[in-house]
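# Structure at a glance
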Amino acid sequence: MTPPKATWQQAGSAIRYVSPKRISIVVASAIALGLGSCTTASTSNNAESQPPTVADTPELRVVTTFIPMTQFTKAVAGDRAEVTQLLPTNVGPHDYQARPEDAQRIAQADVLVKNGLEMESFLDSLIKNAGNSDLKVIDSSAGIATITTESIEGEAHDHGHGHSHEQDHDHAHDHAHDHAEAAASQPTAHRHSHGEFNPHIWLDPKRAIQQVENIRDGLIAADPDGKPVYTANAAAYIQQLQALDEEIAQQLRPFANKTFVAFHDFAPYFAESYGLKAEFLVDVPDVNPSPQDVKRVMDTVKASNLKTLLTEPQSGEDAFAAIAQDLDVNISTFDPMEKGAPEALQPDYYIATMRQNVKALVSAFTDGSTQSVLPHWTIQKTSTVLPQRVGLRF
């Protein structure tokens, strides 16, 4: 008997892909039903009125690691694949602790999507324990231009030694020591360090486009019949990312070469992409700042005449509070989307959050008011620039 070929089923106005595997199940069910009708005539009418149906379940099971990977993968997969996230939304890759059930989820998956660049240092042991030889791993960082961790740390070290007056240095160092002690009193998770390259590529929309393309190509390789869906979905989302990139470039152009200060070093790709310089207090969010770190940040804020420090939604506010008070500056939020609420898993959340991040960044370069530099950044404008998705549900 020749195996049945893949087909597309139409139910009402919805068109659904039906795999050969599922067609075989339906055929087998129909045969069994027919045999049963020979011996149970009284139930034949019910059988005819309720024919077997194909389960309305996505063909591909995809596991993602953390929020941006889920956003991008959902944008590409649409309804074609079942996309679930490995990490709880309120836990970031820096402080994630693997659980036995996570290895089981990977064991049952067809595809795993990761950021790469050692952001998910916990994955190797999980994949090994899962024992899924058929698992296809998509590294979304493949082929993307990177920035080395060493170069970022070197710049921070140089900035920290840019003082020229010993008395000012001693005074600032005393303040820095006090601030660092206050920050050190806060509990921290286990230590996590970046690898050779800074991994925060998703915060640059240009590189995010490349990640989406890598995910698209990986899903097509895993599910060739889904190529039209993945290609169309990716194209629609990439158009939105391109429009976002243009908006950000326009809003940040007046601040070229200026320096901003974030809590941890998530911003080098974003800064490079838009002609800015990024300073940070700590390299990863679960590390306590040293007095030298605090001194370096304070010097940067004074030299750059910054009005606002950029903390994160879930970390950094306590560490920055004393510094902000001492320097009489504000605290705003730049969300790197390493963790968040459940709604953060949706593709549109990335675009909306990046817009809010830029608004906060502009306030760091000004007196805190964005009206003078964002006169054209309105809902009406973005609704005409961003393409409308037709027939694609994310």
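Refer to the preceding data block for the structure.
The structure presented is a predicted model; accordingly, all values stated were derived computationally and were not measured. (Residues numbered from 1 in each chain as written. Predicted model: local features only at pLDDT ≥ 70, side-chain atom pairs only at ≥ 80, totals over all residues. Heavy atoms only, no water.)

## As for the overall build of the chain
A tally of helices and strands in the chain yields 14 helices and 10 strands. Split by element, the accessible area of the chain, about 19300 Å² in all, is 50% carbon and sulfur. (Helix = DSSP H or I, 4+ residues; strand = E, 2+ residues; numbered from the N terminus. Areas by Shrake-Rupley, 256 points an atom, 1.4 Å probe, with all protein chains shown as cover.)

## A closer look at the sheet that holds strand 6 (residues 136-139)
Read across the sheet, four strands follow the order 4-3-5-6 without closing on themselves; strand pairing throughout is parallel. Strand pairing shows two members of the sheet lacking a second neighbour, strand 4 (81-85) and strand 6, which therefore form its edges. Strand-to-strand twist of the sheet, defined as the mean angle between neighbouring strand axes without regard to direction, takes the value 25 degrees. Pairing analysis gives three bridges linking strand 3 (residues 60-64) to strand 5 (residues 111-114), with the strands arranged parallel. Within strand 5, the residue paired with Val-63 across the bridge is Leu-112. Lying over the sheet, helix 8 (residues 205-222) contacts strand 3, strand 5 and strand 6, oriented at roughly 165 degrees with respect to strand 6. (Pairing = 2+ DSSP bridges. Axes fitted to C-alpha atoms, helices over the stretch in contact; angles between N-to-C directions. Contact = heavy atoms within 4.5 Å.)

## Topic: the environment of Ile-215
For Ile-215, the location among the structural elements is in helix 8. For the pair formed by Ile-215 and Ser-141, sequence separation is 74 residues and the distance between their alpha carbons is 9.6 Å. Not counting the four nearest positions on each side in its chain, Ile-215 is found in contact with Phe-72, Thr-73, Val-76, Val-113, Ile-138 and Ser-140.

## Digging into the packing of helix 9 (residues 227-252) against helix 13 (residues 347-365)
Here helix 9 crosses helix 13 at 5 degrees, and the two axes come no closer than 11 Å. Relative to helix 13, the element helix 9 lies roughly parallel. Residues Tyr-237, Gln-240, Leu-241, Leu-244, Glu-247, Ile-248, Gln-251 and Leu-252 of helix 9 pack against Pro-347, Asp-348, Tyr-350, Ile-351, Met-354, Arg-355, Val-358, Leu-361 and Val-362 of helix 13. Across the contact of helix 9 with helix 13, the residue classes tally to 12 nonpolar, two polar and three charged. (Parallel < 35°, antiparallel > 145°, perpendicular 65-115°, else oblique. Nonpolar A, V, L, I, M, F, W, Y, C, P; charged D, E, K, R; others polar.)

## Some points on the packing of aromatic side chains
Considering all chains together, one arrives at 10 aromatic pairs under this definition. Between Phe-263 and Phe-320, the ring centres sit 5.9 Å apart and the planes meet at 85 degrees, which makes this aromatic pair edge-to-face. Separated by 57 residues along the polypeptide, Phe-263 in strand 7 (residues 259-264) and Phe-320 in helix 12 (residues 317-327) bring together distant segments of the chain. Take Phe-263: its relative accessible area is 4%, and that puts it in the buried class. In this structure an aromatic cluster arises from ring pairing among Phe-266, Phe-270, Tyr-274 and Phe-334. Over the ring of Phe-280 we find Arg-296; its NZ or CZ atom is 5.3 Å from the centre of that ring. (Phe/Tyr/Trp six-rings, centres within 6.5 Å; stacked < 30°, edge-to-face > 60°. Buried < 20%, exposed > 50% of the residue type's maximum accessible area, 1.4 Å probe, protein only. Lys NZ or Arg CZ within 6 Å of the ring centre and 35° of its normal.)

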